[in-house]
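Chain residues, written in single-letter form:
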Amino acid sequence: MAGISGMRGNSGACSCLEGDLDLQFLLQGGDLLKVRSPSWKKTRYFKLQEDCKTIWHESKKTFRTNQTFTVDDISAVRIGRQSEGLRKYTEEQVEGRCFSIMFKGRRKNLDLIASSEEEAKQWVSSLEKLISKLNNLSCQKKTEHWILSCLRKSDKNKDGKLSQSEVKNFFRLINIEIDDDYADMLFKKCDKSNSGYLTGEEIEHLYELLTHREEIDVIYGEYAKTTGFMSPENLMDFLMKEQREKLTLTDANKIIEKYEPDENVKQKKLLSKDGFLRYMHQPEALILNSDHKELHQDMSQPLNHYFISSSHNTYLMEDQLKGPSSTEAYVRALLKGCRCVELDCWDGSDDEPVIYHGYTLTSKILFKDAIKAIKEYAFKTSDFPVILSLENHCSVEQQQVMAHHMSSILGSALVTSPLGEGMPTEFPSPEELKGKFLVKGKRLNKLEATFASEAAAADDTDVTEEDESNDEDEQKEEEKSKKLKLAKELSDMVIYCKSVHFHGFDDARTNQSFYEMSSFKEGKAVGLAEESANAYIRHNVDKLSRIYPAGSRTDSSNYNPVPLWNAGCQIVALNFQTNCTDMDVNQGRFLVNGKSGYILKPAYMRDTATDFDPITLTRGNWLKHKTLHIMIISAQQLPKVNKKKSSIVDPLVKVEVFGVPADVAEKETSPVENNGFNPSWNENFQFDVYVPDLALLRFLVEDYDSTSDNEFVGQFTLPFNSLKMGYRHVPLLGKNGDRLPSAGLFVHVMVLDAE
């Protein structure tokens, strides 16, 4: 095993980049100016550590050398004054010397200034190359990389050998508690030289003992019928019988050609156990149907026939009372595939409108800066349209400024008139709106008026404006008298998403045009979804509905989006800045279809005469009763929850089904004590799923605690219809929704038509 045969050997990205000048630059490191405020700019020495995974930096004055972060923590490296901090705290003349390291989760950006433009470019290109190499490592390589890193940390005196106590420390680092007798036995088994320490090949032997997968041995042994190896016919047999894949012998040969690491075995057109495990970790062999990861749905239906990934208070990084507002929050939401962002607009100084959560201590950002950030990042993850949901509290004068900024910054990408000729009768499709921005807000008149000569100029500049910052009940009386003056320039930008108040389904059917949409507070929406689900679904066949969290959620907590999707609501807005089960489910819903942020609703939710009701579940083509059988077999390399050396996880796995009320269920395994490295369960569960089109499956790993709440370790959520059958690895995501590098579950899945 080439990267593990000696503590000083390089692994993973390091071996891929051996001799590479960019890698040498990072390993050597250099001084950079760290920027926190106009007055706080300090020199720090940054360098990549030998594990090729950790960036270390120290202060010249205090020589604090324990300041590190891992390359896995980095979400992006951006050249120039792109971050809010650098724009605010540095001058334009240092633009070329600036760069920012953006982190996953809520960690603040690292804003840095290099001594020259060339050096800044070198840091950025070198880091990007390293991140790319790490991201492209196979799961096996990531495991090797991680274990080598733990071996290095365990070698306290850096002599390239592991003593018995260092081996025990290594076990704790990889999240496994081994009793002393077993640890001693393993040590003696590997210490062939009887020297009292392990070196070179002995360390490699220890690695092989630890990473041995008994369950893989059993599966491989069942099908390896050709001199102890798998032939193409054996592999095809496995793929068809166990994995329910429709593959040919040619496909089996291609898999062997691509994934068999031993050239001698490959020449004989055979697959070894290592090659088999390597294949089982590939994206096409994981639990998520790889065809569904790509854009595969019909994108030519009207816009309101899709569930749309949507954010609430997009500008906030934390809570709604005193948390910071930031353009970075828009960037993060858009990069996660969000297609509807909210802009809470208020009058600012110097005639520049600002965005913040009104009547609170949240910080403010300029409206124009938010629009610039949105323009730059809107279509990096998805090409499909972005809806700008305006909550407008500005004076007419500053509304005119808003209209000017949107027009000048977004240019022709901003939809300012209906597509096609004449007055439309339905929404254009996401395909027709690719690369476009739609404004959602108040409008002075009906869209039809723009096609009638006498209505070109509207006399009335007064409209009522929803204010989400107040509770609905408190608001009712003051809403009657509260009027907002609306600038015609801003009004004219509202084409397909005109905000109107909801006065009941009958009124909407009679008086609302297709482009007139209502926003519902979660409580109101959940009530309608429970009591009038079918009416709500029919309403959403030709109208858009937006749902937003209750004002009482000042901590930016979320609500369960599933009952609202079940009622056909398209824009179910969540606080993207908050890590929680609801956001995990949202991420799972929009994981497929190319992460486009648009998921086509089932046909029976796009039919005005539909009888579908998720509560009563009367008979219809939505009822496709399935029985889901899941076996939780094992897990690999679960991260520590508590970073203390002595702390080891006691993992258990919960399997949760989200969907119509009849499908909602949860089952869990028993906990495995003191083993996060390779715990096994072999526990079977069965679920009934009646409406698979709307169901989602969530695997949740927790650290069991008998005295308090279990702690989150990792999770993965995916649509039920995107499940692959057979033996599958399940990748695990951390709290912030990013992949945990080496961690995963191994399960067996079977979906059968119920009798």
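Residues numbered from 1 in each chain as written. Predicted model: local features only at pLDDT ≥ 70, side-chain atom pairs only at ≥ 80, totals over all residues. Heavy atoms only, no water.

**A short note on the nonpolar core**
When a protein is soluble and globular, its nonpolar side chains tend to lie buried together. Note the following rule: Think of a nonpolar core as a cluster: buried Ala, Val, Leu, Ile, Met, Phe, Trp, Tyr and Cys residues, connected wherever their side-chain atoms sit within 4.5 Å. Three exposure classes are used, based on accessible area relative to the maximum for each residue type with a 1.4 Å probe and protein chains only: buried under 20%, partly exposed in between, and exposed over 50%. Residue ranges for the domains originate in an automatic or database domain assignment. Whether two residues touch is decided by their heavy atoms; if any such pair falls within 4.5 Å, the residues are in contact.
Judged by nonpolar contacts, the single largest core of 108 residues is most densely connected at Leu 343, Leu 388, Met 406, Tyr 536, Phe 699 and Leu 745. The residues that make up this core include at least three from each of domain 4 (303–416 + 426–447 + 484–605) and domain 5 (626–753). Not counting the four nearest positions on each side in its chain, Leu 745 is found in contact with Ser 634, Ala 635, Gln 636, Val 653, Trp 681, Phe 699, Val 701, Arg 728, His 729, Val 730 and Leu 732. If you look at the next biggest cluster of nonpolar residues, it comprises 25 residues, including Leu 26, Leu 130, Leu 134 and Leu 137.

**Examining the pattern of salt bridges**
The condition is simple: Between Lys or Arg on one side and Asp or Glu on the other, a salt bridge is scored when a side-chain nitrogen of the former is within 4 Å of a carboxyl oxygen of the latter. Only DSSP runs of H or I covering at least 4 residues are called helices, and only runs of E covering at least 2 are called strands; the numbering of each starts at the N terminus.
Here the structure, examined in full by the defined rule, presents 29 salt bridges. Note that Lys 624 is salt-bridged to Asp 693, the shortest N-O span being 2.9 Å. Placement of Lys 624 in the loop between strand S22 (598–600) and strand S23 (626–636) and of Asp 693 in the loop between strand S26 (680–689) and strand S27 (696–703) is noted, with a sequence separation of 69 residues between them. By relative accessible area, which is 34% here, Lys 624 ends up partly exposed.

**Considerations on the packing of aromatic side chains**
Convention followed: Put simply, two rings from Phe, Tyr or Trp (the six-membered ring, in Trp's case) pair if the centres are within 6.5 Å, and we call them stacked under 30 degrees between planes, edge-to-face over 60, tilted for the rest. Charge-over-ring placement is defined geometrically: NZ (Lys) or CZ (Arg) within 6 Å of the ring centre, and within 35 degrees of the ring normal.
In this structure the tally under the stated criterion is 24 aromatic pairs. Here Trp 346 and Tyr 356 contribute two aromatic rings whose centre-to-centre distance is 5.8 Å and whose plane-to-plane angle is 50°, an arrangement assigned as tilted. Of this pair, Trp 346 sits in strand S11 (residues 340–346) while Tyr 356 sits in the loop between strand S12 (354–355) and strand S13 (365–366), and the two are 10 residues apart along the sequence. Both residues of the pair, Trp 346 and Tyr 356, count as buried. When the ring centre of Phe 103 is taken as reference, the NZ or CZ atom of Arg 107 above it lies at 4.3 Å.

**Side note on the UniProt feature "glycosylation site" (unreviewed entry) in the protein**
Counted only if it meets this: UniProt positions are given in the numbering used here, feature names are shortened, and annotations may be inferred rather than shown by experiment.
UniProt feature "glycosylation site" (unreviewed entry): in the numbering of this structure it lies at Ser 193. The residue Ser 193 is located in the loop between helix H7 (180–190) and strand S9 (197–198) in this model.

**Side note on the pairing of strand S21 (residues 571–574)**
Quick reminder of the rule: By definition, two strands form a pair when at least two bridges between them are found by DSSP.
Burial of the side chains of S21 extends over both faces: Ile 571 and Ala 573 are buried on one face and Val 572 and Leu 574 on the other. In the sheet, strand S10 (residues 306–311) pairs with S21 via 4 bridges, with the strands oriented parallel. Among the inter-strand pairings, Ser 309 is bridged to a residue of S21, identified as Val 572. In terms of strand pairing, strand S20 (residues 545–548) meets S21 through 2 bridges, oriented parallel. Each bridged residue has a counterpart across the sheet, and for Ile 547 the counterpart in S21 is Val 572.

**What to know about the sheet that holds strand S5 (residues 74–79)**
To keep things clear, this is the line we draw: Under this scheme, a helix contributes an axis fitted over its contacting stretch, all axes are lines through C-alpha atoms, and angles between N-to-C directions fall in the 0 to 180 degree range.
The 7 strands lie next to each other as S4-S3-S2-S1-S7-S6-S5, forming an open sheet whose pairing is antiparallel. Looking along the sheet, the strands with just one partner apiece sit at the ends: strand S4 (67–70) and S5. Strand-to-strand twist of the sheet, defined as the mean angle between neighbouring strand axes without regard to direction, takes the value 30°.

**Quick notes on the packing of helix H9 (residues 214–223) against helix H13 (residues 273–280)**
Inclusion rule: The labels follow the angle: roughly parallel below 35 degrees, roughly antiparallel above 145, roughly perpendicular from 65 to 115, and oblique for the rest. In this classification, the charged set is Asp, Glu, Lys and Arg, the nonpolar set is Ala, Val, Leu, Ile, Met, Phe, Trp, Tyr, Cys and Pro, and all remaining amino acids, among them Gly, are polar.
In the contact formed by H9 and H13, the axes pass within 11 Å of each other and the chain directions differ by 110°. Here H9 lies roughly perpendicular to H13, going by the angle between them. Residues Ile 216, Asp 217, Ile 219 and Tyr 220 of H9 lie in contact with H13, whose contacting residues are Lys 273, Phe 276 and Leu 277. Residues that form the contact of H9 with H13 fall into these classes: 5 nonpolar, no polar and 2 charged.

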